[in-house]
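Inside the fold
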Amino acid sequence: MFDLTGKTALITGATGGIGMAIAKEMKARGAKLILSGTKKDILDKLVTDLGNDVKGIVADIGDKDSIASMAKEAENHFGRVDILVNNAGITIDGLLMRMKDEDWDDVNNTNLSSVFNITKAFIKSMVKQREGRVINISSVAGLMGNPGQVNYSSSKAAIGGFTKSLAKELASRNITVNSIAPGFISSDMTDALTDDQKSEILNQIPIRKFGDPKNIAELAVFLASEKGQYITGQTISVDGGLY
C-alpha cells in the first residue's frame, strides 16, 4: 500500500533501534537507502543485511563539513534524495543546577542544529525536484517535559517549531515536513530498567506497554508515501496515550 519504489531515503542515526527499524521498513517498501551513523561496524553489517541499493556513510552530524561531504556523496551515489529522515540524537541527562554548559551545547548541537544543517544541505535539490519529504524524529519529552532532561526536552520541543515553520515555507513546492514524537520505545535503555522502574513507567501509559521501533517506522513510511501527501507541519505522538 505504501510504495516507495523509485525513491531514495537518507536516514541519520541509522545504527540505533528506531533508525534501523525505519531503514528496514523503507527498504521493504522499495526505497533505495543512504544510511548515516557513527558506528561503522554496525552500519556496515546493516548495509550488508539490507542488500542492494543501500549505501552507508559514516558522518559526524555535529560537524558542518562532515554534513556537506555526506550530502555530496549521497546525491552523487543515487542522483537525488527524495526522503530525509532526521533521526540521530543523544541524551546527556542531569538536573539543571548541575548541568554543564557543554552538556547543553552538545545535546542541542546534535539534536537540533544538525537538523537545521542537514535539512539545509538537501532542501535546495528537493525544491528543484518540486517534490520531497522531511521527517524529523522528535520525542514526547519535547511535548510534556521530563525532569533531568532540560537540554533534551528543549532540543526536541524546538524541532516542533522548526517543522511547522519549514512546512509552511515548502508546501507550495510539494514538499511535506512532519515530526514524529515517540514515547517509551523498547530499547537497550528500557531493557536495563528494573521491574519497579518499568512498572512505574507503564502505570503512566494508558496502553500499558512500551512501543516497538516498528511503530515509529510504519508511521515514517506512511508520511514518506503518496498516502501522506496532504499531511504537513504536524508533530504526531506515538506514545500509547502518554501525552
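Here, every reference points to the structure presented above.
Structure report, in brief. Not measured: the values here are computed from a predicted model.

Conventions used here
- Residues numbered from 1 in each chain as written.
- Predicted model: local features only at pLDDT ≥ 70, side-chain atom pairs only at ≥ 80, totals over all residues.
- Heavy atoms only, no water.
- Salt bridge = Lys/Arg side-chain N within 4 Å of Asp/Glu carboxyl O.
- Helix = DSSP H or I, 4+ residues; strand = E, 2+ residues; numbered from the N terminus.
- 1 Å grid on protein atoms, 1.4 Å probe; cavity = no way out; pocket = protein on both sides within 12 Å on 5 of 7 lines; lining within 4 Å.
- Points joined across faces, edges and corners; volume = space filled by probe spheres on them.
- Nonpolar A, V, L, I, M, F, W, Y, C, P; charged D, E, K, R; others polar.
- Phe/Tyr/Trp six-rings, centres within 6.5 Å; stacked < 30°, edge-to-face > 60°.
- Buried < 20%, exposed > 50% of the residue type's maximum accessible area, 1.4 Å probe, protein only.
- Patch = residues over 30% accessible without salt bridge, like charges linked within 9 Å, V, L, I, M, F, W, Y side chains within 5 Å.
- Areas by Shrake-Rupley, 256 points an atom, 1.4 Å probe, with all protein chains shown as cover.
- Lys, Arg positive; Asp, Glu negative; His and termini not counted.
- Charge placed at Lys NZ, Arg CZ, Asp CG, Glu CD.
- Pairing = 2+ DSSP bridges.
- Axes fitted to C-alpha atoms, helices over the stretch in contact; angles between N-to-C directions.
- Contact = heavy atoms within 4.5 Å.
- Core = buried A, V, L, I, M, F, W, Y, C linked by side-chain atoms within 4.5 Å.
- Left-handed = near helix turned anticlockwise from the far one by under 90°.

1. Some points on the pattern of salt bridges
Tallied over the entire structure, the rule returns 8 salt bridges. As a salt-bridge pair, Glu25 and Arg29 come within 3.4 Å of each other at their nearest N and O atoms. With a shortest N-O distance of 3.9 Å, Glu226 and Arg133 are connected by a salt bridge. Within this pair, whereas Glu226 is found in the loop between helix 9 (213-224) and strand 7 (235-238), its partner Arg133 is found in strand 5 (residues 132-137), the two being separated by 93 residues in sequence. Each of Lys7, Arg80, Asp82 and Glu131 takes part in salt bridges that share partners, so that together they form one network.

2. A short note on the layout of surface pockets
Estimates place the volume of the second largest pocket at around 160 Å³. Every residue lining the second largest pocket is listed: Phe184, Ile185, Ile205, Ile207, Lys209, Phe210, Gly211, Asp212, Asn215, Val238, Asp239 and Gly240. Broken down by class, the residue content of the lining of the second largest pocket amounts to 6 nonpolar, 3 polar and 3 charged.

3. Remarks on the packing of aromatic side chains
One pass over the structure, following the stated rule, counts 2 aromatic pairs. Seen in terms of ring centroids, Phe2 and Phe222 are 5.4 Å apart; in terms of plane orientation they differ by 75°. Their pairing is edge-to-face. Separated by 220 residues along the polypeptide, Phe2 in the segment before strand 1 (8-11) and Phe222 in helix 9 bring together distant segments of the chain. Look at Phe222 and you get partly exposed, because its relative accessible area is 23%.

4. Regarding a positive patch on the surface
The grouping of Lys64, Lys120, Lys124 and Lys128 at the surface amounts to a positive patch. Broken down by element, the positive patch gets its largest block of residues, 3 residues, from helix 4 (residues 101-129). Take Lys64: it is sitting in helix 3 (residues 64-78).

5. Points about the sheet that holds strand 5
Read from one edge to the other, the open sheet built from 7 strands follows the order 3-2-1-4-5-6-7, with strand pairing classed as parallel. A strand with exactly one partner marks an edge of an open sheet, and here the two such strands are strand 3 (54-58) and strand 7. On average, adjacent strands in this sheet sit at an angle of 15° to one another, irrespective of strand direction. Strands strand 2 (32-37) and strand 3 of the sheet are contacted by helix 2 (residues 40-50), whose axis makes an angle of about 175° with strand 3. Packing of helix 9 onto the sheet brings it into contact with strand 4 (83-86), strand 5, strand 6 (175-182) and strand 7, and relative to strand 6 it is tilted by some 170°.

6. Notes on the nonpolar core
Counting 32 residues, the largest nonpolar core has Ile11, Ile22, Met26, Leu33, Leu35, Ile135 and Ile180 as the members making the most contacts within it. Those elements giving two or more residues to this core turn out to be strand 1, helix 1 (17-28), strand 2, helix 2, strand 4, strand 5 and helix 9. When residues of this core are assigned to their parent elements, the largest contribution, 7 residues, is made by helix 9. When neighbours within four sequence positions are excluded, Ile11 is seen to be in contact with Gly19, Ile22, Ala23, Met26, Leu33, Ile34, Leu35, Ser36 and Val85. Counting residues in each nonpolar core, the second largest holds 26 residues, with Ala71, Ala74, Ala88 and Val115 among its members.

7. Some remarks on the packing of helix 3 against helix 4
Their axes nearest at 9 Å, the elements helix 3 and helix 4 cross at an angle of 35°. Classified by chirality, the crossing of helix 4 by helix 3 is right-handed. Side by side, helix 3 and helix 4 meet where Lys64, Ile67, Met70, Ala71, Ala74 and Glu75 of the first sit next to Asn117, Ile118, Ala121, Phe122 and Ser125 of the second. Partitioned by chemical class, the residues of the contact of helix 3 with helix 4 number 7 nonpolar, 2 polar and 2 charged.

What is shown is where atoms sit, not what they do.
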